[in-house]
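Structure assessment
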Protein chains: 4
Amino acid sequence: MAPLNEEQLHQIRDERRDQIIVAAIKVFARRGIIGTKMSMIAAEAGISHGLLYHYFTSKEELFTMLVEDAMVGAEEAMSSIYDLPGSPIEKIRALTMEILDESGTPYFMLIHHARTSEGVPEKVKELIDQNDMDAFIERLLPLFRDGQQAGEIVDGNPEELISSYLSVLSGLMVVNAQGIGGYRLPEVDMLLRLIARP
Amino acid sequence: MAPLNEEQLHQIRDERRDQIIVAAIKVFARRGIIGTKMSMIAAEAGISHGLLYHYFTSKEELFTMLVEDAMVGAEEAMSSIYDLPGSPIEKIRALTMEILDESGTPYFMLIHHARTSEGVPEKVKELIDQNDMDAFIERLLPLFRDGQQAGEIVDGNPEELISSYLSVLSGLMVVNAQGIGGYRLPEVDMLLRLIARP
Amino acid sequence: MAPLNEEQLHQIRDERRDQIIVAAIKVFARRGIIGTKMSMIAAEAGISHGLLYHYFTSKEELFTMLVEDAMVGAEEAMSSIYDLPGSPIEKIRALTMEILDESGTPYFMLIHHARTSEGVPEKVKELIDQNDMDAFIERLLPLFRDGQQAGEIVDGNPEELISSYLSVLSGLMVVNAQGIGGYRLPEVDMLLRLIARP
Amino acid sequence: MAPLNEEQLHQIRDERRDQIIVAAIKVFARRGIIGTKMSMIAAEAGISHGLLYHYFTSKEELFTMLVEDAMVGAEEAMSSIYDLPGSPIEKIRALTMEILDESGTPYFMLIHHARTSEGVPEKVKELIDQNDMDAFIERLLPLFRDGQQAGEIVDGNPEELISSYLSVLSGLMVVNAQGIGGYRLPEVDMLLRLIARP
DNA sequence: GATGAATGAGTGTTCATTCAT
DNA sequence: AATGAATGAACACTCATTCAT
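What counts, and at which threshold
Residue indices follow the written sequence of each chain, beginning from 1 at its first position. Chain labels run from A onward and ligand labels from 1 onward, assigned in the order the entries are written. Given that this is a predicted model, residues contribute local features only at a pLDDT of at least 70 and side-chain atom pairs are listed and counted only at 80 or more, while totals for whole chains, interfaces and linings are drawn from all residues. Only hydrogens and water are set aside when side-chain values are computed; all heavy atoms of the structure are taken into account. Whenever Lys or Arg places a side-chain nitrogen within 4 Å of a carboxyl oxygen from Asp or Glu, that contact is recorded as a salt bridge. Numbering goes from the N terminus for both helices and strands, where a helix is a DSSP run of H or I of at least four residues and a strand is a run of E of at least two. Accessible area is worked out with a 1.4 Å probe on protein chains only. A residue is then buried under 20% of its type maximum, exposed over 50%, and partly exposed in between. Contacts are assigned to residue pairs that have any heavy atoms within 4.5 Å of one another. Buried surface area refers to the total accessible area, computed with a probe of radius 1.4 Å, that the two partners give up upon joining, counted for both partners together. In protein, a polar contact requires one atom able to donate a hydrogen and another able to accept it; more generally it is a pair of N or O atoms within 3.5 Å, and residues adjacent in sequence count only if both atoms are side-chain atoms. Charged residues are taken to be Asp, Glu, Lys and Arg, nonpolar residues to be Ala, Val, Leu, Ile, Met, Phe, Trp, Tyr, Cys and Pro, and polar residues to be all remaining types, Gly included. Ring geometry is summarised as follows: Phe, Tyr and Trp rings, the Trp one being its six-membered ring, pair when their centres sit within 6.5 Å, and such pairs are stacked at plane angles under 30 degrees, edge-to-face over 60 and tilted between the two. To qualify as a nonpolar core, a set must consist of buried Ala, Val, Leu, Ile, Met, Phe, Trp, Tyr and Cys residues joined through side-chain atoms within 4.5 Å. UniProt positions are given in the numbering used here, feature names are shortened, and annotations may be inferred rather than shown by experiment. For the least-squares superposition of copies, only C-alpha atoms count, and only for residues with pLDDT at least 70 in both. Residues are classed as near a molecule or strand on a simple rule: at least one heavy atom within 4 Å of it. Multiplying 1.5 Å by the residue count of a helix minus one yields the expected span of that helix. Distance thresholds for patches are 9 Å for like charges and 5 Å for nonpolar side chains (Val, Leu, Ile, Met, Phe, Trp, Tyr), applied to residues having over 30% relative accessible area and no salt bridge. For the accessible areas, the method is Shrake-Rupley and the probe is 1.4 Å, while residue cover comes only from the protein chains on display.

**Some points on the pattern of salt bridges**
By the definition in use, this model includes 20 salt bridges over all chains. In this structure, Glu160(B) engages Arg184(A) in a salt bridge whose closest nitrogen and oxygen atoms are separated by 3.8 Å. Of this pair, Glu160(B) sits in helix H8 (residues 158-177) while Arg184(A) sits in the loop between helix H8 (158-177) and helix H9 (188-192), placing the two residues on different chains. Under the relative-accessibility criterion, Glu160(B) is labelled partly exposed at 33%.

Written out as structure tokens, the structure is:
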């Protein structure tokens with residue numbers, strides 16, 4: 001009796017959801033939560049604003065979901081480097097390149113906006129504050145320790161090294177995110193000097 | 001019945017203007033142009049929101065003026081290091097500390113917001129894009145060249161070095177500006193490794 | 001391949017229509033025309049909201065039709081008491097119980113909402129206003145006259161007696177309709193004191 | 001320095017508040033909380049809708065406040081009859097007339113809507129459910145007991161008598177509230193027969 | 001100069017209704 | 001006939017800006 005079978009329906013829904021998500025990441029990343037109008041997302045996704053609300057209950061919910069996804073994605077990226085071949089410093093080089101790679105930027109922008117904007121549910125901010133940097137440090141600690149023992153990485157408190165290094169990367173992503181120009185993304189080799197032993 | 005003479009009135013005007021400017025920098029820097037409500041600035045300045053409009057025609061005008069001032073101020077800071085004693089790298093160290101110093105942050109945040117926000121007249125954005133980084137490079141070029149010749153600074157295209165270095169500093173200011181935590185400001189010595197010869 | 005013959009289709013149509021009508025009465029009676037969403041009716045009827053529009057052109061049309069039906073039904077109930085045995089006051093007692101009986105309430109609520117809501121076409125309101133009470137008075141007039149002559153009913157203008165009595169009953173239905181509590185449905189004997197000679 | 005002194009300001013505020021309250025009661029009473037648009041209240045009060053929000057945070061808050069006020073007012077009306085001269089039944093007659101008087105109707109409509117509508121904060125519904133009828137019964141109990149002892153009021157559980165009687169009055173107000181006609185407000189003497197000993 | 005009441009354009013969200021399948 | 005994705009008009013609420021005092 002059903003005019004569209006279960007599967008077709010499911011497919012449409014998934015397509016639309018993805019359309020919306022892609023559009024939303026793009027707009028949110030550029031403009032933040034306050035600067036983003038639902039109508040912008042709808043326009044970017046090529047649908048009516050009403051349809052957004054078939055898929056997401058509210059702007060807040062949509063943003064929150066994206067941030068959570070972004071955090072999972074960031075952590076996965078962080079973890080994945082252990083599977084890579086090479087010495088610690090080479091792994092860090094690979095990670096650095098992946099982070100600064102254009103495709104990853106929107107996720108970091110999302111997290112940045114989540115941290116600094118107003119309209120974000122307190123719940124999300126706490127989630128980010130607690131999770132974020134500490135979780136990343138946790139992940140990278142073994143790698144940096146190895147690097148220090150191997151003499152590839154400068155001495156000093158490894159937690160501080162990691163958080164400093166990640167802060168630099170985050171900052172670069174934020175200022176570079178909008179292609180609006182002016183800033184320059186340093187070469188990876190330059191960035192590695194922050195932590196690499198000469 | 002004439003309660004205030006010309007001069008006193010003038011003085012009040014200037015005082016009020018300054019109050020507003022200080023308050024506006026503070027709020028704009030933290031929240032950006034969209035996230036800032038005129039009422040917030042008024043509250044921060046301790047005046048009524050109506051009075052704002054005696055001094056500035058609009059939110060946009062106020063923001064624009066602050067950005068322009070900030071750019072002048074940043075350039076002055078840049079220039080002033082030539083008056084400092086010490087080797088090139090020591091001057092850069094001093095500049096770095098000044099930039100990252102809390103008091104300077106709002107100006108950079110303003111410029112950052114001007115670059116990335118919507119409500120800003122295109123005219124201002126262009127002004128910033130073209131002026132900003134190039135002007136800074138111009139200023140610092142002699143210093144970096146000296147450093148390279150003295151063997152204190154790594155080889156390579158000095159313009160790229162400068163813009164990379166300033167991009168890192170800008171990024172750090174942006175992610176650190178809100179005291180919201182998570183990020184860590186690296187030590188100056190660590191940052192200097194980006195450009196200093198070992 | 002012709003899976004259903006004319007008659008079966010017709011039967012389905014009628015069944016669906018009835019499902020919708022029953023559901024709509026229930027929801028409209030409780031929540032009024034504004035408070036009722038088409039999706040509520042669809043859910044109550046166990047069908048999709050899209051299907052509603054195969055059977056009724058609009059919410060307004062559906063509501064209007066129900067009200068008209070309700071008025072016919074109410075008038076029939078009014079008339080039927082003449083077939084009952086017993087003295088006038090006993091007939092009125094029976095009518096009172098039937099009206100206040102839970103099953104009859106939705107119809108009166110519908111009429112009440114039709115009278116007081118906005119979305120209802122003015123045409124329907126007028127219909128109700130003119131028809132409603134006067135038609136009922138017409139129907140009951142012989143009964144009340146008989147009762148007065150038999151000394152069972154208090155003296156006075158019978159039209160006024162009837163409309164007052166019916167107003168009391170209507171009011172009680174309205175305030176009791178939602179089981180939300182607080183109000184109490186008086187005993188029939190108490191209500192009859194409004195018109196019965198002691 | 002202040003352009004309008006404290007007192008003038010206060011007066012304006014009070015005037016506006018009252019304007020709004022009067023307008024809101026009128027519109028809410030007629031159309032309920034869902035059927036009432038803020039723009040209707042603004043129009044009725046002769047102000048812009050924006051100004052409503054200088055005085056009340058939200059539609060819900062406005063409605064809630066009115067209901068609370070109405071309940072206080074209703075209780076005061078209830079209590080005041082003890083100050084009246086006359087026998088119990090005469091006091092009840094006076095109360096009945098006051099309740100049914102046109103000026104009191106909006107308050108009861110408000111309470112009615114609060115009880116039956118959807119958009120009402122659960123908090124208010126509970127407040128009403130618990131308070132409302134029981135509080136009224138409490139107030140009137142001594143009076144009805146006196147009346148029964150004096151032989152003016154019929155025998156039977158006085159709480160039930162009171163709640164039945166008040167339910168009848170409430171119902172009449174609801175069906176009569178909109179001047180839309182059809183219904184008839186019974187004479188006080190007729191209503192008193194519900195409880196008065198012949 | 002100073003205040004805050006007042007306005008209205010703009011944004012998030014809901015829901016009746018349409019339509020491809 | 002039946003479904004649910006899709007649209008857009010309507011409404012609550014916010015906030016930059018104006019203006020009487």
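**A few points about the interface of chain B and chain A**
Taken together, the contacts link 35 residues of chain B with 36 residues of chain A. Taking both sides of the interface into account, the surface hidden between chain B and chain A amounts to around 3400 Å²; carbon and sulfur atoms contribute 63%. Our count for the contact surface shared by chain B and chain A stands at 2 salt bridges. Seen at the junction of chain B and chain A, the total is 8 residue pairs in polar contact (both at pLDDT 80 or more). Going through the elements one at a time, helix H1 (6-35), helix H6 (105-116), helix H7 (122-149), H8 and helix H9 (188-192) of chain B are the ones with two or more residues in the side of chain B that touches chain A. Per-element accounting of the side of chain B that touches chain A gives the leading share, 12 residues, to H8(B). Its residues assigned to classes, the side of chain B that touches chain A shows 17 nonpolar, 11 polar and 7 charged.

**Focus on the packing of aromatic side chains**
All names here are of chain B. Enumeration according to the criterion identifies 4 aromatic pairs over all chains in this entry. With a centroid separation of 4.9 Å and 70° between ring planes, the pair formed by Phe 28 and Phe 63 is classed as edge-to-face. With Phe 28 in helix H1 and Phe 63 in helix H4 (residues 59-80), this pair connects stretches of sequence that are 35 residues apart.

**What to know about the interface of chain D and chain C**
Taken residue by residue, the interface counts 36 residues in chain D and 35 residues in chain C. Connecting chain D to chain C are 8 residue pairs in polar contact (both at pLDDT 80 or more). Listed by contribution, the elements that provide at least two residues to the side of chain D that touches chain C are helix H1 (6-35), helix H6 (105-116), helix H7 (122-149), helix H8 (158-177) and helix H9 (188-192) of chain D.

**Quick word on the nonpolar core**
Ranked by internal contacts, the top residues of the largest apolar core, which has 135 residues, are Ile41(A), Leu191(A), Ile195(A), Ile41(B), Leu191(B) and Ile195(B). Discounting chain neighbours no more than four positions away, the residues touching Ile195(B) are Met190(A), Ile89(B), Ile92(B), Phe144(B), Glu152(B), Ile153(B), Val154(B), Leu161(B) and Tyr165(B). Grouped together as the second largest cluster of nonpolar side chains are 134 residues, Leu141(C), Val175(C), Ile33(D) and Val188(D) included.

**A short note on the UniProt feature "DNA-binding region" (unreviewed entry) in chain A**
Summarizing the sequence annotation, UniProt attributes the feature "DNA-binding region" (unreviewed entry) to residues 37-56 of chain A in the numbering used throughout. The straight-line gap between the two end C-alpha atoms of residues 37-56 of chain A is 14 Å; of that span, 75% is helix and 0% is strand.

**Digging into the relation of the copies chain B and chain A**
With an RMSD of 0.4 Å, the operation that places chain B on chain A is a rotation of 178° combined with a shift of 0.0 Å along the axis. Interpreted geometrically, this transformation is the action of a two-fold axis. Of the C-alpha atoms belonging to chain B, the one lying closest to the rotation axis is found on Gly171(B), 1.7 Å away. Interface overlap between copies: 100% of the residues of chain B at the interface are likewise at the interface in chain A, consistent with a symmetric, same-surface contact.

**Observations concerning the protein's contact with DNA strand F**
Near DNA strand F you find 37 residues, and of these Arg16(A), Ser48(A), His49(A), Lys37(B) and Arg13(C) are the closest. For DNA strand F, the backbone portion of the atoms within 4 Å of the protein, that is sugar and phosphate, comes to 65%. The contact in question runs from a phosphate oxygen of DNA strand F to an N or O atom on the backbone of Ser48(A), over 2.8 Å. Between DNA strand F and His54(A) there is a distance of 3.4 Å, counted from a base nitrogen to a side-chain nitrogen or oxygen. Of all the secondary structure elements, the ones that give two or more residues to the surface near DNA strand F are helix H1 (6-35) and helix H3 (49-55) of chain A, helix H3 (49-55) of chain B, helix H1 (6-35) and helix H3 (49-55) of chain C together with helix H3 (49-55) of chain D. The residue inventory of the surface near DNA strand F, partitioned by class, reads 15 nonpolar, 14 polar and 8 charged.

**Re the relation of the copies chain D and chain C**
Aligned on chain C, chain D shows an RMSD of 0.4 Å; the corresponding rotation is 178° and the shift along the axis is 0.0 Å. Looking at the interface residues of chain D, 97% of them are also at the interface in chain C, so both copies use one shared face.

**What about H8(A)?**
Residue and element names in this part refer to chain A. In a regular helix each residue adds 1.5 Å, so 20 residues correspond to 28 Å; H8 covers 28 Å between its end C-alpha atoms and thus fits that length. Across the 20 residues that make up H8, a large majority, 16, are buried. With a side-chain oxygen positioned 2.8 Å from the backbone nitrogen of Glu 159, the residue opening H8 is Asn 157.

**Quick word on a nonpolar patch on the surface**
On the surface, Leu4(D), Leu9(D) and Ile12(D) cluster together to form a nonpolar patch covering roughly 230 Å² of accessible area. With respect to the helices, strands and loops of the structure, Leu9(D) is situated in helix H1.

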